[in-house]
Amino acid sequence: MQEFQGKVAVITGGASGIGLAMAEAFAGVGMNLVLADIEEKPLNEAVNAMNSAGTQAIGMVTDVTKTEQLEALADQAYERFGAVHVLCNNAGVGVGGPAWSISKEDWDWILAVNLHAVIDGVRIFVPRMLEQDSEGSIVNTASIAGLTSAPSMAPYFVSKHGVVTLSECLHHDLQMVGSKLRVSVVCPGWVNTQVVESDRNRPGGPLKDEDLDPLFGMVRESLRATMPNAMPPSEVADLVVDAIRNNKFYVLPHQTWKPMIETRMQDILEERDPTLSTPPDSPIDLG
Ligand SMILES: NC(=O)c1ccc[n+]([C@@H]2O[C@H](COP(=O)([O-])OP(=O)(O)OC[C@H]3O[C@@H](n4cnc5c(N)ncnc54)[C@H](O)[C@@H]3O)[C@@H](O)[C@H]2O)c1
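Read on for an overview of the structure. Computed from a predicted model, the values in this text were never measured in an experiment.

1. Topic: the overall build of the protein
Part 1 of the reasoning: What the protein contains, in helices and strands, is 8 helices and 7 strands.
Part 2 of the reasoning: Taking 19 Å as the expected radius of gyration for a compact globule of 287 residues, we find that the protein reaches 18 Å, a close match to that expectation.
Part 3 of the reasoning: The principal-axis extent of the C-alpha atoms belonging to the protein is close to 50 × 40 × 35 Å.
Part 4 of the reasoning: By the burial criterion, 43% of the 287 residues in the protein qualify as buried.

2. Here we look at the sheet that holds strand S3 (residues 57-61)
Part 1 of the reasoning: Read from one edge to the other, the open sheet built from 7 strands follows the order S3-S2-S1-S4-S5-S6-S7, with strand pairing classed as parallel. Taken across any chain shown, the strands that pair with only one partner, and hence form the sheet edges, are S3 and strand S7 (250-251).
Part 2 of the reasoning: Taken together, the 6 bridges between strand S5 (residues 136-141) and strand S6 (residues 181-186) define a ladder with parallel strand orientation. Across the sheet, residue Ser137 finds its bridge partner in S6, namely Arg182.
Part 3 of the reasoning: Its contacts with the sheet place helix H7 (residues 233-245) against strand S4 (86-89), S5, S6 and S7, and it is angled at close to 155 degrees to S6.

3. Focus on the pairing of S6
Part 1 of the reasoning: Of all 6 residues in S6, 6 are buried, a share of seventy percent or more.
Part 2 of the reasoning: Neither face of S6 is open: one carries Leu181, Val183 and Val185, the other Arg182, Ser184 and Val186, and all of them are buried.
Part 3 of the reasoning: In this fold, S5 hands off to helix H5 (residues 154-176), which returns the chain to S6; that crossover is right-handed.
Part 4 of the reasoning: As paired strands, S6 and S7 are joined by 2 bridges and run parallel to one another. By the bridge assignment, Val185 is partnered in S7 with Tyr250.

4. Quick notes on the nonpolar core
Part 1 of the reasoning: Val10, Met22, Ala23, Leu33, Leu35 and Val240 are the most contacted members of the largest nonpolar core, which has 73 residues in total.
Part 2 of the reasoning: Here this core takes 10 residues from helix H4 (residues 104-132), the largest share from any one element.
Part 3 of the reasoning: In this structure, Leu33 is in contact with Ala9, Ile11, Ala23, Phe26, Ala27, Met50, Thr55 and Ala57, ignoring residues within four places of it in sequence.

5. Some thoughts on the site of the ligand
Part 1 of the reasoning: With respect to spatial proximity, 29 residues lie near the ligand, and among them Gly13, Gly17, Gly92, Thr193 and Val195 are the closest.
Part 2 of the reasoning: Looking at the shell around the ligand, the element that brings in the most residues is helix H1 (residues 17-28), giving 3 residues.
Part 3 of the reasoning: Residue classes in the shell around the ligand are distributed as 11 nonpolar, 15 polar and 3 charged.

6. Let's talk about helix H6 (residues 214-226)
Part 1 of the reasoning: Compared with the 18 Å implied by 1.5 Å per residue over 13 residues, the 18 Å span of H6 between its first and last C-alpha is a close match.
Part 2 of the reasoning: When H6 is considered as a whole, its buried residues turn out to be Phe216, Val219 and Arg220. Taken end-on, H6 shows its buried residues confined to a sector of 100 degrees, consistent with a single buried face. Relative to its buried face, H6 has exposed residues pointing more than 90 degrees away, namely Pro214 and Ala225.

7. Things to note about the environment of Ser184
Part 1 of the reasoning: If you trace the backbone, Ser184 turns up in strand S6.
Part 2 of the reasoning: Under the C-beta neighbour-count criterion, Ser184 is labelled buried, with 24 such atoms within 10 Å.
Part 3 of the reasoning: As a C-alpha pair, Ser184 and Leu207 span 23 residues in sequence and 33 Å in three-dimensional space.
Part 4 of the reasoning: The contacts of Ser184, once residues within four sequence positions are left out, are Ser137, Val139, Val240, Ala243, Ile244, Lys248, Phe249 and Val251.

8. What about the packing of helix H3 (residues 67-81) against H4?
Part 1 of the reasoning: Where H3 contacts H4, the two axes come as close as 10 Å, and the packing angle between them is 35 degrees. Note that H3 runs across H4; the crossing there is right-handed. Between H3, through Thr67, Leu70, Glu71, Ala74 and Tyr78, and H4, the contact on the second element is made entirely by Ala117, Asp120, Gly121, Ile124, Phe125 and Arg128.
Part 2 of the reasoning: Its residues assigned to classes, the contact of H3 with H4 shows 6 nonpolar, 2 polar and 3 charged.

9. Thoughts on unusual backbone geometry
Part 1 of the reasoning: Within the chain, Asp133 stands out as a residue other than glycine whose phi angle is a positive 60 degrees.
Part 2 of the reasoning: One non-glycine residue with positive phi stands out, namely Asn247, at about 50 degrees.
Part 3 of the reasoning: Within the fold, Asn247 resides in the loop between H7 and S7.
Part 4 of the reasoning: Residue classification places Asn247 among the partly exposed residues on the basis of 13 C-beta atoms within 10 Å.

About the cut-offs
Residues numbered from 1 in each chain as written. Predicted model: local features only at pLDDT ≥ 70, side-chain atom pairs only at ≥ 80, totals over all residues. Helix = DSSP H or I, 4+ residues; strand = E, 2+ residues; numbered from the N terminus. Rg over C-alpha atoms; globule rule 2.2 N^0.38 Å. Buried ≥ 20, exposed ≤ 12 C-beta atoms within 10 Å, placed from the backbone. Pairing = 2+ DSSP bridges. Contact = placed C-beta atoms within 7 Å. Axes fitted to C-alpha atoms, helices over the stretch in contact; angles between N-to-C directions. Right-handed = clockwise from strand over helix to strand, strands pointing away. Core = buried A, V, L, I, M, F, W, Y, C linked by C-beta atoms within 7 Å. Near = placed C-beta within 6 Å. Nonpolar A, V, L, I, M, F, W, Y, C, P; charged D, E, K, R; others polar. Expected span 1.5 Å × (residues − 1). Arc of directions from axis to C-beta. Left-handed = near helix turned anticlockwise from the far one by under 90°.

Shown next as structure tokens:
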């Protein structure tokens, strides 16, 4: 999609972190915005800031795990702007521990936000975007966790692998029908956001210290310490604008993490046990 001016972007999880940074980057290239988030206060603040700066933006409190709320979001976007050109399925959460120790409720929550909501986003928005018959893009925020595997975060990794392959399948499906729509899947390493505190939106309330798995607790503490030095979300957002402009499918903001993907692929091709890879700038050595 070459022309952004006056086009419309819908962003889930648009009130903070990578979603907010994408909103700011899209505003910078003249797009109109529909921001959706479960957190009302930061959502209102983001929308007010956008409108004050001259961007046409609306916000809608949305829990992406509720299909009817995503349907209402699409209705609202089309009612207000008459079209959607860029859909960012971006909201995401994660808590961890060994795969067997995570409650069914937490598995369900993480898969609902990170994967089923992306599936719903595709089901609900893509038919309308196809009918529009204009250039556009579906941008799914996965993670490097969608291309690798690691201990202590199984639901997160499972959900992100799902988002990567959903995006790849969607790309093929759109190509098969000769659509003008393109897909990008964003697979960052660590980005300086509030993702480590995503249990703030956990249906059962934030995790209590006594409920924390020790390994996940250690990972979380070191991530909290490392976050201020992680990649700024604006860098990811700039890469997303570039990917939409250049029809780029895979967006891997952390180039130095690529050997982890290569090692996993070699493990598979050589049919050997999975290698435990530590990210190059990791504060902890999981091995
Ligand atoms: N920050 C990282 O290191 C990193 C790395 C790779 C991928 N990601 C992915 O980036 C995406 C954005 O996360 P972030 O890092 O900006 O974190 P963040 O916590 O700063 O932002 C996530 C946003 O999603 C919203 N959200 C959570 N549950 C929701 C729900 N049920 N319905 C609607 N909105 C909901 C939150 O309120 C928040 O505004 C996620 O998919 C995350 O998995 C993050």
